[in-house]
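# Structural overview
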Amino acid sequence: MLSHTVQPFEPVSTFRDEPADYRRIGRSAFLRMLFDMRIVRLFETGLIERAARGEVTGPVHTAIGQEAVPAAVLRHLLPGDHVMGSHRAHHHFLVQSLAQTLDSAWDPLRDRFPEGAAKQLGAAFAEIMGLTTGVNHGAGGSMHLRDASVGFIGSTAIVGGGIPLASGLAFAHSLRGTDGCAVCFIGDGAVNQGTFHETANLARVLGLPLLIVVENNGYAEATRPQEVSAVLPLASQGAAHGLRAVEVSCDEPAALVSAAGALIDGVRRGDGPALLEVRTYRHLDHTGGRPGSAAGYRSAEEEAHWLRRDPLESLAPTLLREGLLAPGEERAVAEAAAAVTARIFEEVSTPEAAPPTLDPFALLRAPVLPRFGEDRPGRDTPGPARSDEPATELTFEEAIGEGLARALAGSPEVVLLGEEVGKPGGLLARTGRLNPALVGSRIIDTPITEASFVGLAGGAAMVGVRPVVELMYGSFALIAADQLFNHIGMVRALYGNTAQAPVIVRTKVPVGLGYGPQHGLNPVGLFASFPGWRVYAPADARDYLGVLRSALECDDPVLIVEFTQLYDEVLALTEADLTARLPLEGARRIRRGSDVSIVTYGLGVRWAIEAAELLTASGIDAEVVDLRALDTVAMDRATVEESVRRTGRGLFVDPAARGQAIGPRLVAELVERVAGLRLACLACADVQPVAHQLERQAVIGAADVVRAVERLVRNKRSGEAEQ
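Residues numbered from 1 in each chain as written. Predicted model: local features only at pLDDT ≥ 70, side-chain atom pairs only at ≥ 80, totals over all residues. Heavy atoms only, no water.

## Observations regarding the overall build of the protein
Looking only at helices and strands, the protein has 27 helices and 21 strands in total. Since a compact globule built from 723 residues should have a radius of gyration of about 27 Å, the 29 Å found for the protein is in line with a globular shape. Considered along the principal axes of its C-alpha atoms, the protein spans approximately 100 × 60 × 50 Å. Per-residue burial over the protein gives 60% buried out of 723 residues. Pairs at least 24 apart in sequence give 80% of the contacts found in the protein among residues at least 6 apart. (Helix = DSSP H or I, 4+ residues; strand = E, 2+ residues; numbered from the N terminus. Rg over C-alpha atoms; globule rule 2.2 N^0.38 Å. Buried < 20%, exposed > 50% of the residue type's maximum accessible area, 1.4 Å probe, protein only. Contact = heavy atoms within 4.5 Å.)

## Some thoughts on unusual backbone geometry
Cis geometry is adopted by the peptide bond preceding Pro233, which originates at Leu232 and carries an omega value of 0°. At Glu420, a residue that is not glycine, the phi angle is positive and equals roughly 60°. By the secondary structure assignment, Glu420 is in the loop between strand E10 (414-418) and helix H16 (427-430). Positive phi outside glycine occurs at Asn497, with the angle close to 65°. Summarising the element assignment, Asn497 is placed in the loop between helix H19 (491-494) and strand E13 (504-509).

## Here's the deal with the pattern of salt bridges
Counted by the stated rule, this structure contains 51 salt bridges. For the salt bridge of Glu562 with Arg506, the shortest nitrogen-to-oxygen distance reads 2.6 Å. Separated by 56 residues along the polypeptide, Glu562 in strand E15 (residues 558-563) and Arg506 in strand E13 bring together distant segments of the chain. With relative accessibility at 4%, the residue Arg506 sits in the buried group. (Salt bridge = Lys/Arg side-chain N within 4 Å of Asp/Glu carboxyl O.)

## Examining the pairing of strand E21 (residues 678-684)
Sheet analysis places strand E20 (residues 649-657) next to E21, joined by seven bridges and oriented parallel. Paired with Asp654 across the two strands is Ala683, which belongs to E21. Handedness of the crossover joining E20 and E21 through helix H25 (residues 663-673): right-handed. (Pairing = 2+ DSSP bridges. Right-handed = clockwise from strand over helix to strand, strands pointing away.)

## Some details on the packing of helix H2 (residues 27-52) against helix H14 (residues 329-347)
Contact geometry of H2 with H14 gives a least axis separation of 9 Å together with a crossing angle of 40°. Put simply, H2 runs oblique to H14. The two elements H2 and H14 meet at a crossing, and its hand is right-handed. Along the contact surface, H2 presents Arg27, Leu31, Leu34, Phe35, Arg38, Ile39, Leu42, Phe43, Gly46 and Arg50, while H14 presents Glu329, Glu330, Val333, Ala334, Ala336, Ala337, Ala338, Val340, Thr341 and Phe345. Partitioned by chemical class, the residues of the contact of H2 with H14 number 13 nonpolar, two polar and five charged. (Axes fitted to C-alpha atoms, helices over the stretch in contact; angles between N-to-C directions. Parallel < 35°, antiparallel > 145°, perpendicular 65-115°, else oblique. Left-handed = near helix turned anticlockwise from the far one by under 90°. Nonpolar A, V, L, I, M, F, W, Y, C, P; charged D, E, K, R; others polar.)

## Focus: the packing of aromatic side chains
Applying the stated rule across the entire model yields 16 aromatic pairs. Arranged with centres 6.0 Å apart and planes meeting at 45°, the rings of Phe35 and Phe113 form a pair that is tilted. Within this pair, whereas Phe35 is found in helix H2, its partner Phe113 is found in the loop between helix H4 (90-101) and helix H5 (115-128), the two being separated by 78 residues in sequence. Ring centres of Phe485 and Phe527 lie 4.9 Å apart, and the angle between their planes is 75°; on these two criteria the pair is classed as edge-to-face. Of this pair, Phe485 sits in helix H18 (residues 481-488) while Phe527 sits in helix H20 (residues 524-528), and the two are 42 residues apart along the sequence. Judged by relative accessible area, which is 4%, Phe485 ranks as buried. Residue placement shows Arg50 over the ring face of Phe345; its charged tip is 4.5 Å from the ring centre. Above the plane of the ring of Trp306 lies Arg309, whose end atom (NZ or CZ) is 4.2 Å from the centre. (Phe/Tyr/Trp six-rings, centres within 6.5 Å; stacked < 30°, edge-to-face > 60°. Lys NZ or Arg CZ within 6 Å of the ring centre and 35° of its normal.)

## Details of the side chain of Ser97
Its location among the elements puts Ser97 in helix H4. Within the structure, Ser97 has its side chain in polar contact with the backbone oxygen of Phe93 (distance 2.8 Å). (Polar contact = N/O pair within 3.5 Å; in protein donor to acceptor, adjacent residues only side chain to side chain.)

## A closer look at the sheet that holds E13
One open sheet holds the six strands; their spatial order is E11-E10-E12-E13-E15-E14, and the pairing between them is parallel. The sheet terminates laterally at strand E11 (443-445) and strand E14 (534-536), the two strands that pair on one side only. The average undirected angle you get between the axes of adjacent strands in this sheet is 20°. Across six bridges, E13 lies against E15 in parallel orientation. Counted as the bridge partner of Val505 is Leu559 from E15.

## A word on the environment of Gly701
Inspection of the secondary structure puts Gly701 in the loop between helix H26 (692-698) and helix H27 (702-722). Gly701 sits 407 residues away from Ala294 along the chain, and the two C-alpha atoms are 64 Å apart.

## Some remarks on helix H12 (residues 300-308)
For the α-helix, the turn length of 3.6 residues means that residues three or four positions removed from each other point alike. The complete set of buried residues in H12 reads Glu302, Glu303 and Trp306. One side of H12 holds all its buried residues, which, seen down the axis, span an arc of 100°. Facing away from the buried surface of H12 by more than 90 degrees, the exposed residues are Glu301 and Arg308. Buried residues along H12 sit against strand E7 (274-279) and helix H11 (292-295). (Arc of directions from axis to C-beta.)

## A word on the sheet that holds E7
One open sheet accounts for seven strands, arranged E1-E6-E7-E5-E4-E2-E3; its pairing is parallel. Of all the strands in the sheet, just strand E1 (13-14) and strand E3 (152-155) have a single pairing partner and so form its edges. By the bridge criterion, six bridges tie strand E4 (residues 182-187) to strand E5 (residues 210-216) in an arrangement that is parallel. Across the sheet, Gly187 pairs through a bridge with Glu215, a residue of E5.

## Some remarks on the packing of helix H24 (residues 637-647) against H25
Their axes nearest at 11 Å, the elements H24 and H25 cross at an angle of 65°. Viewed along their axes, H24 and H25 form a crossing whose handedness is right-handed. Of the residues in H25, those in contact with Arg637, Val640, Glu641, Val644 and Arg645 of H24 are Glu669, Leu670 and Arg673. Looking at side-chain class alone, the contact of H24 with H25 contains three nonpolar, no polar and five charged residues.

## Remarks on the confidence of the model for the protein
Scored by pLDDT, the protein comes out at a mean of 91, with 92% of its residues at no less than 70. Low confidence marks residues 368-383, where pLDDT is under 50. Its contacts with residues over four positions away, or in another chain, come to 39 contacts. (pLDDT = per-residue confidence, 0-100.)

## Some words on the environment of Tyr495
On the secondary structure map, Tyr495 appears in the loop between H19 and E13. The sequence separation of Tyr495 and Gly138 amounts to 357 residues, and the corresponding C-alpha distance is 8.5 Å. Dropping the residues within four chain positions of it, Tyr495 is found in contact with Asn136, His144, Leu145, Arg146, Ile153, Gly154, Ser155, Thr156 and Met462.

## Some words on the side chain of Glu397
With respect to the helices, strands and loops of the structure, Glu397 is situated in helix H15 (residues 396-410). With a relative accessible area of 15%, Glu397 lands in the buried category. Excluding anything up to four places from it in sequence, Glu397 contacts Leu427, Arg430, Thr431 and Tyr567.

Shown next, in the form of structure tokens:
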């Protein structure tokens, strides 16, 4: 059971080097730190040389000077723990790879470097070089590194974008009752992001086993924290959210190791999330190989000061002084690291022409689910065949509640997240389907911070959880847009199809109910504009249940839109209806006709059916096609094109604002492929006012569909008569 106890604000703690700490940590640990730091330094120096020769595509963000941070922190992680990196993440990835592929007793002065570890480092180098032999087939490059086999779940190029995802990794550990944890590395600039503050609060509320490591290298690109952060030290901003917060300097390595160990031990014990701010330095510019002083935003004197404090140079003399290192051993460690990196650089060649051979479209989604039963695209039936079982009448809203309740009961990996989803006003409670025993564990009431809980769902989904996220209204997707579109939807493409984020987002659209423009967005067109998402707006309860069950087995993120005007519609549903899966592709021909094709979805299906009945009085035989799958990859264009070719006329009815409608896209595609068609689009006004009389003018309905069809048919017939 996840719980939350309000904690008083606690000051930031500071760890300092103590001679006794060096002896406690021990010689072997510091030998490994020296080796790991030297590997990273040589690796990144080699990358800079190759980038200067034009062999690396895209920016190269090095962490030269910051190597001690992951070398001290990640030594405390265990198999099964998770790491999330930032855009500057080579050092995170390399050290985590070494930590998970080398035995803890491996000695750089004595032992041969194992093949598995060499292969892992080589795959990282190949990835940054854009080669298909890379860990992500060259699709991710420098800023999007991932290898789940070593617990490195991903790095992200969006500043602060990985923090919510990391909270999801920690949430997965809490959900499963493990003693694992998640570590998220960010830079000083990310502390000013809303995602940091939203996630710090949510992680504390849920008591998540999360450590946020702030690598304060003095500059967010070229801007100092003192210029843009109202509260310093940065660790105090974590403390303000109730996180145990520690500040330490990178040139006090024993203190850094001790601080990281203490915080991670506390995270594992259940003390809740923590934050570690490490004062470090980035010797080079934001990208590339020149120093920051050459760019003019800092002095050469400052850089020289930090070079003297560089742990890679200062640690060995300290260890000699403490009797933990013999003369010449530091040089031997450096030579061992140089031999490893030289071997890797030699083996990972750069062919003159070796672009990735993956189909880029294959990176956007998993293979479609197999079709079930006899439901095929364009099927001439209003719905799936009914069984002989007794039927129960349920409203659309009750059917949604029943579907969610069954999903939660069917798998311990299914969780429901959102604002007040476990409260009396939530949909499950309203429909009598709320299981109080799951509230707080798998039914999670979140703060009103969409970016944080949507991102949490994305991170949890990346490690196998099946989150169902409720966005109270479609408009609120805009608040979480970065997590939805730059991260969750993009996961496959970012990491060369080695990752998946099977999040289900369900949201409602109150078209015509007076909610105004800030609550009334139909997000279908928005989600369909970005890669990776499967998009559906079921027209009835039976379709909704089928889409939901299939979405729970789909490895892509799925948006399910609920039109609240349909909530009270009653449908008789059998047990077969409640357990069936609907294919996640293929349109449905609801009504056959010969004069015009009305193509629509969701609430538009109700309008189209009503209009088709009214049009019979005018002698017009209208065909109605429910698109079902609304994203650009899965949309059933074949059924639509066949229908419109046969009738010669097509009206696309979109229950969305004109600016967000998907109908114009379909019309443009059809115009390119088929000549001589009469096509039109019908959508709502761009703004839907609250006042009822104004809203009636802005929102379309069956009468508008009738008028639009009559114009199409009249114009077509008059054209034929003239000919």
